[in-house]
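Listed below are the residues making up each chain.
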Amino acid sequence: QTEIPQTNTHTKRLTHLPPLLPPLLSSLTQTSPPPFFQSSQNKPITAAMPEAPKPTQTSNGLTTIAIAEKNKRTLQFIEDVTSNPDDVQTQVLHEILSRNSAVEYLHHRHRLHGATDRRTFKKLLPVISYEDIHPDITRIANGDTSPILCSSPISEFLTSSGTSAGERKLMPTIAEEMERRSLLYSLLMPVMSQFVPGLEKGKGMYFLFIKSESKTPGGLPARPVLTSYYKSSHFKNRPFDPYTNYTSPNETILCPDSYQSMYSQLLCGLCQRTQVLRVGAVFASGFIRAIRFLEKHWQLLCRDIRSGTLDPTVITDPAVREAVLTKVLHRPDPELADFVESECRKDSWQGIITRLWPNTKYVDVIVTGTMSQYIPTLDFYSNGLPLVCTMYASSECYFGVNLNPLCKPSEVAYTLIPTMAYFEFLPVHPMPKSLNEKERQELVDLADVKLGHEYELVVTTYAGLYRYRVGDVLRVAGFKNRAPQFNFICRKNVVLSIDSDKTDEVELQGAVKNAVDAHLVAFGGSVAEYTSYADTKTTIPGHYVLYWELSVKGTTAIPPSVYEDCCLTVEESLNSVYRQGRVSDKSIGPLEIKIVEQGTFDKLMDYAISLGASINQYKTPRCVKFEPIVELLNSRVEGSYFSPKCPKWVPGHKQWSNNVKN
Ligand code: AMP
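Remember, predicted model here, so these are calculated numbers, not experimental data.

Reading the values: the criteria
- Residues numbered from 1 in each chain as written.
- Predicted model: local features only at pLDDT ≥ 70, side-chain atom pairs only at ≥ 80, totals over all residues.
- Heavy atoms only, no water.
- Near = heavy atom within 4 Å.
- Polar contact = N/O pair within 3.5 Å; in protein donor to acceptor, adjacent residues only side chain to side chain.
- Helix = DSSP H or I, 4+ residues; strand = E, 2+ residues; numbered from the N terminus.
- Nonpolar A, V, L, I, M, F, W, Y, C, P; charged D, E, K, R; others polar.
- Pairing = 2+ DSSP bridges.
- Contact = heavy atoms within 4.5 Å.
- Axes fitted to C-alpha atoms, helices over the stretch in contact; angles between N-to-C directions.
- Buried < 20%, exposed > 50% of the residue type's maximum accessible area, 1.4 Å probe, protein only.
- Parallel < 35°, antiparallel > 145°, perpendicular 65-115°, else oblique.
- Left-handed = near helix turned anticlockwise from the far one by under 90°.
- Arc of directions from axis to C-beta.
- Phe/Tyr/Trp six-rings, centres within 6.5 Å; stacked < 30°, edge-to-face > 60°.
- Lys NZ or Arg CZ within 6 Å of the ring centre and 35° of its normal.
- Disulfide = S-S within 2.5 Å.

Caption draft 1: Representation of the site of the ligand within the structure. By nearness alone, 15 residues border the ligand, and S161, T368, M391, S395 and D472 come closest of all. Note that an oxygen atom of the ligand is positioned 2.9 Å from one of the side-chain N or O atoms of R491. Put simply, the parts of the chain that give the shell around the ligand at least two residues each are β1 (156–164), β9 (391–393), β15 (468–480) and β16 (483–491). With three residues, the single largest contributor to the shell around the ligand is β9. For the shell around the ligand, the class distribution of residues is seven nonpolar, five polar and three charged.

Here's what the structure looks like:
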């Protein structure tokens with residue numbers, strides 16, 4: 001066996017890295033270019049490569065001129081990296097492979113032996129899914145600190161909302177990835193300010209939350225990427241910057257109790273209502289949850305605004321109390337309380353956003369992918385304000401930005417930023433699960449994708465994922481200079497999603513089977529046909545609905561409690577992200593089973609055939625979205641049952657008996 005070279009140039013270089021980089025949504029304070037632009041000797045790779053923008057800072061923040069100048073440089077950076085994406089990608093791959101040349105995965109397992117060129121890389125490295133590196137991830141989680149995937153130490157695991165065997169996937173990350181994420185954030189506001197000027201003159205009311213975290217047996221933190229970000233000094237200690245000036249004090253975002261966090265963020269948003277120029281949350285579901293919270297709790301909020309105090313039984317977290325009372329809720333404000341009350345008391349909540357926050361220019365939430373189901377509700381609450389999807393990202397890697405943020409949600413296209421990772425694209429057409437060498441070579445590079453074609457995204461990251469299938473399907477919608485822009489089409493295999501949960505057909509099938517075996521069989525019952533629906537219209541938060549057509553051989557009538565038990569067993573069988581949404585985040589409502597009349601699924605087939613489906617190939621869809629079909633199903637419901645309680649959920653992986661922190 002060839003010996004692993006002992007020098008770890010990357011670890012050496014890291015000790016020379018500049019101080020941690022910019023805060024959320026801005027690099028106005030950035031003092032140094034991101035790591036991509038440095039070689040392992042800390043020198044620029046090529047003099048011709050585009051430089052990331054540097055800041056101009058005044059003693060008391062940034063002048064308008066400085067902001068404009070900084071925005072200009074950021075936009076120039078985007079011009080530069082999109083003008084020659086192929087060169088940038090070559091450099092990125094070179095850098096990732098050279099710094100990680102000695103790691104076990106590249107050197108021993110796939111015998112790359114120091115090669116950094118695309119041809120050798122594509123020839124030797126397999127295209128993989130999470131399951132392929134699961135054993136490596138488990139080793140790292142259990143405390144193996146040898147360079148398995150990456151030469152830099154794994155700093156933590158980011159827990160993806162994508163699951164494997166019912167548990168969140170664990171994505172290894174390294175400290176410097178935080179800088180790359182910050183870089184992507186820093187592009188957003190300069191882009192936005194081209195379309196909506198003056199945003200630096202007010203605040204953003206963003207509902208941001210942390211989630212509970214745990215430790216792997218080896219002691220690494222395991223938490224969602226945004227929790228990691230909000231708890232980092234990048235976010236907490238960000239210098240003043242008009243683009244990261246939020247109505248929510250950090251303490252309210254970092255409050256581990258989701259009720260107190262939401263309450264205090266809404267209170268602060270209401271108190272600063274006239275300063276608010278934009279509102280948002282990460283995903284549409286989160287923003288709607290905040291409005292729903294307001295609907296339920298406006299009386300309590302108004303009482304605190306009126307008295308200028310915080311109800312000690314509601315807000316018990318000392319850090320939140322102190323931050324809200326010293327930074328926002330300075331005095332009793334009966335006038336504001338009266339106003340909020342009068343608006344919230346009105347029968348219709350249509351346009352509540354523009355009524356309470358009259359200077360709002362847009363709603364900043366992701367409404368692409370499964371989140372598009374929330375567009376009508378957002379339109380209703382915001383009276384049709386622009387819905388802005390600014391970025392596309394994941395726990396594996398942050399990908400890209402929307403350069404035309406005021407476009408319609410259906411037209412959103414994300415430009416992948418070529419410095420973030422090495423991107424490849426698997427054409428979406430039937431392909432065998434494990435790809436042979438020729439097929440591996442068929443993956444298309446960023447600069448070679450074709451307009452209108454659909455691809456599955458494959459990434460190679462600085463943190464040690466090589467040719468990793470993210471699971472998202474994208475369609476090329478156009479180009480920015482020579483860099484492609486992509487519509488987000490779907491996440492592969494996902495049938496149901498309300499919040500960040502992603503339930504696939506196999507999981508759903510298993511859950512239904514568990515419920516039937518546990519509860520219906522005893523009554524001679526079975527499910528002849530079923531389908532499902534993510535209902536975000538009749539309840540907030542939304543909930544899963546299963547339509548069951550039964551075949552019953554027994555003579556005893558099935559009591560309602562049995563169906564309720566079925567609901568709960570289905571929930572218990574779903575993945576931990578779903579159960580966390582039910583238990584901890586309260587972002588998903590109780591699952592419902594609707595029993596439909598005999599013959600309903602025949603009617604469904606007739607309907608599909610009348611719309612052009614082939615009789616021979618017809619299969620019952622395991623999830624329905626098309627309104628007329630949902631109506632057809634609903635018109636034949638004989639009984640409806642809800643899960644009587646929350647399923648079980650504990651933070652961390654089920655096999656870790658871990659210490660859980662908030
Ligand atoms: P996670 O790994 O839990 O952070 O989830 C990342 C996934 O969320 C991505 O792979 C996408 O499937 C989805 N996602 C992230 N950003 C967007 C977006 N802008 N539009 C649609 N889906 C998105």
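Caption draft 2: Seen up close, the sheet that holds strand β11 (residues 414–416). What the eight strands build is an open sheet, ordered β9-β10-β11-β16-β15-β14-β12-β13; its pairing is antiparallel. Looking at strand neighbours, the two that pair on one side only are β9 and β13 (444–445), the edges of this open sheet. As paired elements, strand β12 (residues 422–427) and strand β14 (residues 454–460) share six bridges and run antiparallel to each other. When the bridges of β14 are listed, P427 appears paired with Y455. Helix α7 (residues 177–195) contacts β9 and β10 (398–402) of the sheet and is inclined by roughly 5° relative to β10.

Caption draft 3: Local environment of unusual backbone geometry. A cis amide bond, omega -5°, links I540 with the succeeding residue P541. Despite not being glycine, R111 shows a phi value in the positive range, around 50°. The topology assignment puts R111 in the loop between α4 (104–109) and α5 (118–124). Positive phi, normally seen in glycine, also occurs at R467, with a value near 55°. With respect to the secondary-structure elements, R467 resides in the loop between β14 and β15. Judged by relative accessible area, which is 0%, R467 ranks as buried.

Caption draft 4: Up close: the packing of helix α2 (residues 64–83) against α7. Across the interface, α2 lies against α7 with an axial gap of 9 Å and an inter-helix angle of 110°. In this view, α2 runs roughly perpendicular relative to α7, as classed from their interaxial angle. With respect to the hand of their crossing, α2 and α7 are arranged in left-handed fashion. Residues N71, T74, L75, F77 and I78 of α2 form the contact with α7, whose participating residues are L183, S186, L187, P190, V191, S193 and Q194. Its residues placed into classes, the contact of α2 with α7 shows seven nonpolar, five polar and no charged.

Caption draft 5: View of helix α22 (residues 627–634). Looking only at α22, the buried set comprises I629, V630, L632 and L633. Taken around the axis of α22, the buried residues stretch over an arc of 160°, which confines them to a single face. For α22, the elements touching its buried residues are β19 (525–535), β20 (543–552), β21 (592–596), α21 (600–610) and β22 (637–642).

Caption draft 6: Main features of the packing of aromatic side chains. Enumeration according to the criterion identifies 20 aromatic pairs in this entry. Between F425 and F486, the ring centres sit 5.0 Å apart and the planes meet at 15°, which makes this aromatic pair stacked. Of this pair, F425 sits in strand β12 while F486 sits in strand β16; the two residues are 61 residues apart in sequence, bridging distant segments of the chain. Ring pairs connect the aromatic residues Y185, Y229, Y230, F235 and Y398, which therefore count as one cluster. The ring of F235 is capped by R238, whose NZ or CZ atom sits 4.3 Å from the centre of that ring. The ring centre of Y530 lies 4.2 Å from the NZ or CZ of R622, which sits over that ring.

Caption draft 7: Main features of the state of the cysteines. Counted under the stated rule, the structure contains zero disulfides. Here C566 is not cross-linked by a disulfide; its sulfur's nearest cysteine counterpart is in C567, at 7.0 Å. The class for C566 is buried, based on a relative accessible area of 0%.

Caption draft 8: Spatial organisation of the side chain of S228. Relative to the helices and strands, S228 resides in helix α8 (residues 225–231). A relative accessible area of 2% places S228 in the buried class. A polar contact of 2.9 Å, which involves the side chain of S228, links it to the side chain of E156.

Caption draft 9: A look at the environment of M420. Within the secondary structure, M420 is located in the loop between β11 and β12. Each C-alpha atom, one on M420 and one on R180, is 6.6 Å from the other, the two residues being 240 residues apart in sequence. Sequence-distant contacts of M420, defined by excluding residues within four places in its chain, comprise R180, R181, L184, C397, Y398, F399 and Y462.

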